[in-house]
Every structure is written in C-alpha cells, then in structure tokens.
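Observations on chain architecture
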Amino acid sequence: NSSQELDPVVRQISSEERVMLSKAQAAFTRSNYMKSHDLWLPLAESGIAEAQYSLGFLYQSGWGPERDLLQAVAWYTSAAEQNEARAQFNLGILLLNGEDNVEKDTESGVLWLTRSADAGNTRAKEFLIDAYKNGKYGIEKSTDKVEYWKSR
C-alpha cells in the first residue's frame, strides 16, 4: 500500500530521553542556548523529532550556535519527515525565502507548508491563504486554494 510507505516512522521516546528533553527546554527557557544545544544534540542525532526541530530553531535564530541556515534546513528536514508540523512550517518558509546558502525552492516550500497545514498548524494555513490570495513568494494567486484553506 503506497500510503503506508508515506507514513513516517516516529521514534518512541524513553523516559530518560523525556527527562533530557525537559532539561534542554528548561535551559532554553533560561536563555542558556548552548546548554540546550548540547542536551538536544544527542537526542536529535538519535532521531527524536522534537530535538531535531529545536536544533533547527537554534541554528535558524543564531541563539547559541552561530546562525547556520543549512544546518537549520538539515535538522528541520529530519523532523519534518517525521511529521513535526513546526519543523515543516519553518522548513517551508526557509525554502520559499532562499536566503543565505539555502537555495530558493518554491515547490518544496509549498509542499512542506501544505503538510504542516494538513497537520493542523494554523500558522501554515494562514500563511498559505495569504500567499495564494496575494501571489507572494513566487506562488501563483489562486482563489480556489484560498477558499480551500479557509474551509479547513
């Protein structure tokens, strides 16, 4: 079944890993970005989407590690492939903007934004409505797509 092939394998998180995620989030909340980076990194490398998204955010923002949009795209992609809606949204925006070393890719950007909106991300839905309504980011205006996203 082809739909089963598209379903991501979302990695189960152990109780120890859940504690590490909490510690990383607490460090982030206290603006200790390098500590949160160091806690998230092994979790992200082991395939935990939440940690991958969080590292992508750190690299995109330049909080802690130096701003590196290619690293952000790599971590967001890993998380997005596991249906992490925030990562899908941020990845879509980075690809639409195509800034720094990230190559502009409107088609892939719209794909990730659509997947994020389909997963229930209100920001992605609102972004798509605006983009289709106003023809932004190289996205062709489409009243049908505006109405589709408004109805969802």
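Look above for the structure.
Read on for an overview of the structure. Keep in mind the model is a prediction, meaning the values are calculated, not measured.

Moving on, we come to the packing of aromatic side chains. This structure, assessed with the given rule, holds 10 aromatic pairs. Look at Phe-89 and Phe-127: their rings are 6.3 Å apart centre to centre, the planes differ by 90 degrees, and that puts the pair in the edge-to-face class. Of this pair, Phe-89 sits in helix H6 (residues 85-97) while Phe-127 sits in helix H8 (residues 122-134), and the two are 38 residues apart along the sequence. The class for Phe-89 is buried, based on a relative accessible area of 6%. Residue class for Phe-127 comes out buried when judged on its relative accessible area of 15%. Three or more aromatic residues joined by ring pairs form one cluster here, namely Phe-28, Tyr-33, Trp-40, Phe-57 and Trp-63.

Right, let's get into the nonpolar core. Within soluble globular proteins, side chains that are nonpolar generally end up buried alongside one another. Within the largest apolar cluster, 28 residues are counted, with the highest numbers of intra-cluster contacts made by Trp-40, Ala-51, Tyr-76 and Leu-91. Elements represented by at least two residues in this core include exactly helix H2 (15-29), helix H3 (33-45), helix H4 (49-61), helix H5 (69-80) and H6. In terms of residues, this core owes the most to one element, H5, which gives seven residues. Judged by nonpolar contacts, the second largest core, of 15 residues, contains Phe-89, Leu-128, Ala-131 and Val-146.

Thresholds applied
- Residues numbered from 1 in each chain as written.
- Predicted model: local features only at pLDDT ≥ 70, side-chain atom pairs only at ≥ 80, totals over all residues.
- Heavy atoms only, no water.
- Phe/Tyr/Trp six-rings, centres within 6.5 Å; stacked < 30°, edge-to-face > 60°.
- Helix = DSSP H or I, 4+ residues; strand = E, 2+ residues; numbered from the N terminus.
- Buried < 20%, exposed > 50% of the residue type's maximum accessible area, 1.4 Å probe, protein only.
- Core = buried A, V, L, I, M, F, W, Y, C linked by side-chain atoms within 4.5 Å.

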